Amino acid sequence: SAKDAGKNCYQFYSPHLSHRADHLMQWEQQLRVALTERQLFLVYQPKIDLARRCITGFEALARWNHPQQGVISASEFIPVAESTGLIVPIGDFVIAEACRQLAAWQSQGHETLTLAVNISAVQFWRGDLYETIARAIEETGIAAHRLELEITETAMMEYPDLVSEKIAALKKRLGVSIALDDFGTGYSSLSYLNRFSVDTLKVDRSFVQAIPADRSVCVMVSAIVNLARSLGLTVVVEGTETEEQIAWLSALGNIQAQGFLFSRPVPADGISTLLDRFGVCGMREPLAVYGSG
Ligand code: C2E
Ligand code: MG
Ligand code: MG
Ligand code: MG
């Protein structure tokens, strides 16, 4: 994919939609239209508690319903949005929409479900992320800790002082949760786990893909999981696609998994089917009925 190619050559902005300047301008124009014409929407991928096999929450992922090309994935258009600055209004839309979804779950009695949104580095230095999130929380009345911000290692490293300061404010003053996304693919050292006041660590799909065949990757994943849990962090493994991976990861104990094996990201109207199928973690079991009959 474009994203993987970007990782290998250490380019942050390397969308295949935009490798020519005239293409970039064309996509920028179309993305502006997408915003005003409401062509963007969110899909939701569940996070599964591996021990209990219930849903702890979802990650919101952006999609673009392009009038000619159909639905375009985030991995293709988010890099264009980042390099043009359009990620700021797109991010505002994503945050508002995510908080609306959290409020809907709250009113349906799903008070434990969390929702994660991805935040680009650009959103920290352009636009007012704090204001956007504060307003969305206030307008929807959601419990702030159920909103999780996923930030990649690369994003955190871009301007570590600025980003760590902004994350600390979001966490301390608003109470949102922070996840370190794509862990293991960037340059960050383990000390950043403390510095950025992270709550959740998401182990990148590239590690998960090598499980269980690659023994050294297995050792690393097991060490990362143990370390993260010792630090009191929640661990999520990304991109679980096979039963073998799930069997191996389940043996590590208390972790969560996200991946195509459990579910692809689904549109909002597909959420209730998933909740019925897996159940929601943290809900009380139905009380046993005594002395009936
Ligand atoms: P991410 O946050 O690491 O999200 C995981 C990506 O892996 C998603 O791709 C998801 O569809 C895909 N995925 C999930 N499970 C599996 C699996 O089992 N196998 C494989 N092969 N892939 C899996 P997507 O939706 O194209 O998003 C790509 C990236 O774009 C995301 O990576 C995230 O960094 C970014 N992104 C997505 N939505 C947003 C957004 O609303 N705002 C920002 N700033 N970035 C976003
Ligand atoms: Mg993510
Ligand atoms: Mg990720
Ligand atoms: Mg990833």
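Scroll up a little and you will see the structure.
Presented here is a report on the structure given in the accompanying data block. Only a predicted model underlies this, so the values are computations on that prediction, with no experimental measurement involved. (Residues numbered from 1 in each chain as written. Chains lettered and ligands numbered in written order. Predicted model: local features only at pLDDT ≥ 70, side-chain atom pairs only at ≥ 80, totals over all residues. Heavy atoms only, no water.)

1. So, the coordination of the magnesium ion (ligand 2)
In step 1: The magnesium ion (ligand 2) binds to the protein through E59 (OE), N118 (OD1), E150 (OE) and D181 (OD), with metal-donor distances spanning 2.0 to 2.2 Å.
In step 2: Written as a sequence motif, the donor arrangement for the magnesium ion (ligand 2) is E-x58-N-x31-E-x30-D.
In step 3: The class of E59 is buried, set by a relative accessible area of 5%. (Donors = N, O, S within 2.8 Å, 3.2 Å for Na, K, Ca; no water. Buried < 20%, exposed > 50% of the residue type's maximum accessible area, 1.4 Å probe, protein only.)

2. Side note on the pattern of salt bridges
In step 1: The final tally for this structure, using the stated rule, is eight salt bridges.
In step 2: With a shortest N-O distance of 2.7 Å, E148 and K47 are connected by a salt bridge. Of this pair, E148 sits in strand β5 (residues 147-152) while K47 sits in strand β1 (residues 40-49), placing them 101 residues apart in sequence.
In step 3: Residue K47 is classed as buried on the basis of its relative accessible area of 3%.
In step 4: A salt bridge links K171 to D199, with the nearest nitrogen and oxygen atoms 2.6 Å apart. Of the two residues, K171 is situated in helix α8 (residues 160-174) and D199 in the loop between α9 (192-195) and β7 (200-203); the sequence distance between them amounts to 28 residues.
In step 5: Look at K171 and you get partly exposed, because its relative accessible area is 23%.
In step 6: The partly exposed category is assigned to D199, whose relative accessible area is 24%.
In step 7: Taken together, the shared-partner salt bridges in this structure form one network comprising E59, E150 and K202. (Salt bridge = Lys/Arg side-chain N within 4 Å of Asp/Glu carboxyl O. Helix = DSSP H or I, 4+ residues; strand = E, 2+ residues; numbered from the N terminus.)

3. Here we look at the nonpolar core
In step 1: Membership of the largest hydrophobic core comes to 86 residues, with the highest contact counts inside it found for L31, F58, L149 and M156.
In step 2: Element by element, the count of residues in this core is highest for helix α4 (residues 87-107), at nine residues.
In step 3: In this view, L31 contacts L40, W64, F77, V80, A81, L86 and I90; residues no more than four positions away in its chain are not counted. (Core = buried A, V, L, I, M, F, W, Y, C linked by side-chain atoms within 4.5 Å. Contact = heavy atoms within 4.5 Å.)

4. Some remarks on the side chain of Q258
In step 1: Within the element layout of this structure, Q258 appears in the loop between β9 (256-257) and β10 (266-267).
In step 2: The exposure class of Q258 is buried, given its relative accessible area of 2%.
In step 3: Among all residues touching Q258, those that are not within four sequence positions of it are Q45, P46, K47, E59, K202, V236, V237, E238, G239 and T240.

5. Some words on empty space enclosed by the protein
In step 1: A full pass over the atoms with the stated rule returns one cavity of 30 Å³ or more.
In step 2: Computed from the structure, the largest cavity encloses a volume of approximately 40 Å³.
In step 3: Lining the largest cavity, in full, are V88, D92, Q123, R126, G127, D128, L129 and T132.
In step 4: Of all the elements in the fold, those that place two or more residues in the lining of the largest cavity are α4 and α6 (129-140).
In step 5: Classifying every residue of the lining of the largest cavity gives two nonpolar, three polar and three charged. (1 Å grid on protein atoms, 1.4 Å probe; cavity = no way out; pocket = protein on both sides within 12 Å on 5 of 7 lines; lining within 4 Å. Points joined across faces, edges and corners; volume = space filled by probe spheres on them. Nonpolar A, V, L, I, M, F, W, Y, C, P; charged D, E, K, R; others polar.)

6. Observations regarding the coordination of the magnesium ion (ligand 3)
In step 1: Note on the magnesium ion (ligand 3): its protein donors are D181 (OD), D182 (OD), E238 (OE) and E238 (OE). The metal-donor distances range over 1.9 to 2.6 Å.
In step 2: Ordering the donors of the magnesium ion (ligand 3) by residue number gives the pattern D-D-x55-E.
In step 3: Taken as an interatomic distance, the gap from the magnesium ion (ligand 3) to the magnesium ion (ligand 2) is 3.8 Å; D181 donates to each of them. On the criterion of sequence distance, the pair formed by D182 in strand β6 (residues 177-183) and E238 in the loop between β8 (234-237) and α12 (243-250) is long-range, its members being 56 residues apart.

7. Concerning the layout of surface pockets
In step 1: For the second largest pocket, the calculated volume is near 200 Å³.
In step 2: Class assignment of the residues belonging to the lining of the second largest pocket gives a composition of one nonpolar, eight polar and three charged.

8. Things to note about the site of ligand 1
In step 1: Taken together, 26 residues sit near ligand 1, with R63, N118, S120, E241 and F260 positioned nearest.
In step 2: At a separation of 2.8 Å, an oxygen atom of ligand 1 approaches a polar side-chain atom of N118.
In step 3: For ligand 1, whose unbound accessible area comes to 800 Å², protein coverage reaches 88%.
In step 4: Every element with two or more residues in the shell around ligand 1 is listed here: β2 (54-66), α3 (74-84), α4 and β6.
In step 5: Sorting elements by how many residues they give to the shell around ligand 1 places β2 first, with four residues.
In step 6: For the shell around ligand 1, the per-class residue count stands at eight nonpolar, nine polar and nine charged. (Near = heavy atom within 4 Å. Polar contact = N/O pair within 3.5 Å; in protein donor to acceptor, adjacent residues only side chain to side chain. Areas by Shrake-Rupley, 256 points an atom, 1.4 Å probe, with all protein chains shown as cover.)

9. Quick look at the packing of α4 against α6
In step 1: For the pair α4 and α6, interaxial distance at closest approach is 9 Å and the crossing angle is 25°. Considering the angle they form, α4 stands roughly parallel to α6. Regarding α4 and α6, the two cross each other, and that crossing is right-handed. In this structure, α4 contributes D92, I95, A96, C99, R100 and A103 to the contact, and α6 contributes L129, T132, I133, A136, I137 and T140.
In step 2: Tallied by class, residues from the contact of α4 with α6 come to eight nonpolar, two polar and two charged. (Axes fitted to C-alpha atoms, helices over the stretch in contact; angles between N-to-C directions. Parallel < 35°, antiparallel > 145°, perpendicular 65-115°, else oblique. Left-handed = near helix turned anticlockwise from the far one by under 90°.)

Taken by themselves, the reported measurements are silent on function.
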